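Survey of secondary and tertiary structure
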Amino acid sequence: MTQARGQGTEPAGDQQNQDGDPDGAQQDRDQDRHTDRDRDPDRDRAATVRVFIALAPPDEAKDELAAALRPAYDAYPRMRWNRIEDWHITLAFLGELPVGAVPPLRPPLADLAASRGPVELALRGGGHFDERVLWSGIDGDVDGLHRLATDVRRVVKECGIPFEDRPLRPHLTLARARRDDRSSVVDVAAGLAGFTGRPWRTERLHLVASDFGRGPGPIRYRDLEAWTFGGR
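Here we summarise the structure given alongside this text. This structure is a prediction, so every number in the text was calculated from the model and none was measured.

Observations regarding the overall build of the chain
Scanning the chain from N- to C-terminus turns up six helices and nine strands. Scored against the burial criterion, the 232 residues of the chain give a buried share of 49%. Intrachain contacts of the chain at a sequence separation of at least 6 include 79% that bridge at least 24 residues. Surface exposure of the chain reaches about 10700 Å², of which carbon and sulfur atoms provide 47%.

Digging into the environment of leucine 121
Residue placement: leucine 121 occurs in strand β4 (residues 120–129). Between the C-alpha atoms of leucine 121 and aspartate 139, which are 18 residues apart in sequence, the distance is 5.6 Å. When neighbours within four sequence positions are excluded, leucine 121 is seen to be in contact with Leu55, Ile89, Ile138, Asp139, Gly140, Asp141, Leu145, Arg198, Pro199, Trp200 and Thr202.

Focus: the nonpolar core
Within the largest apolar cluster, 51 residues are counted, with the highest numbers of intra-cluster contacts made by Leu94, Leu134 and Leu205. It is helix α5 (residues 142–158) that provides the largest number of residues to this core, a total of six residues. Within the second largest apolar cluster, six residues are counted, among which are Ala54, Phe93, Val208 and Ile219.

Parameters and conventions
- Residues numbered from 1 in each chain as written.
- Predicted model: local features only at pLDDT ≥ 70, side-chain atom pairs only at ≥ 80, totals over all residues.
- Heavy atoms only, no water.
- Helix = DSSP H or I, 4+ residues; strand = E, 2+ residues; numbered from the N terminus.
- Buried < 20%, exposed > 50% of the residue type's maximum accessible area, 1.4 Å probe, protein only.
- Contact = heavy atoms within 4.5 Å.
- Areas by Shrake-Rupley, 256 points an atom, 1.4 Å probe, with all protein chains shown as cover.
- Core = buried A, V, L, I, M, F, W, Y, C linked by side-chain atoms within 4.5 Å.

Written as structure tokens, this is what we have:
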């Protein structure tokens, strides 16, 4: 695979902004456009849930990357840093779903996880989308990652859930720049160029809810459910 700006396994060029991942540049633009009058947060929380399906690195891999980022945390405190416990690699972004659409996803996703062995991955390098979104690249069995994402998306389609099936851009989002400070993301991405994390094996498939667009403050994520991969 080719690389985007910075180091990692991201595709380059105009396609990077077409990512359906909730962490991508499109979400950041959506968040900037959001105002309180656009929606009734209490009504939305009751009626819908923003959902995606993802993998999460183990704590050891996250701690290793967090240590490499420590100088950036100190140097750029105004960047909107994602919480380390929320770091993830999105396989399929489903968007806002009626709450009743979620339960039918659980059995086939559980069966899929049980039928699949782990994928060996690593975090490597860094890059950015539009000088706004900072990410770490994904190394290792990227082909296996793409096959898993294809199977996950097939399950979603078979459940009758419409979503934008855009090409997978494997990455782990770390932070977003403030509107008045784009250079920070570029500088931090350059500082991550030489980072190579330890290999790790995926442990669980996660069905995740996001509180994006539901009030001020950083985005928060929570597992709706997670299933251990078979063959471990």
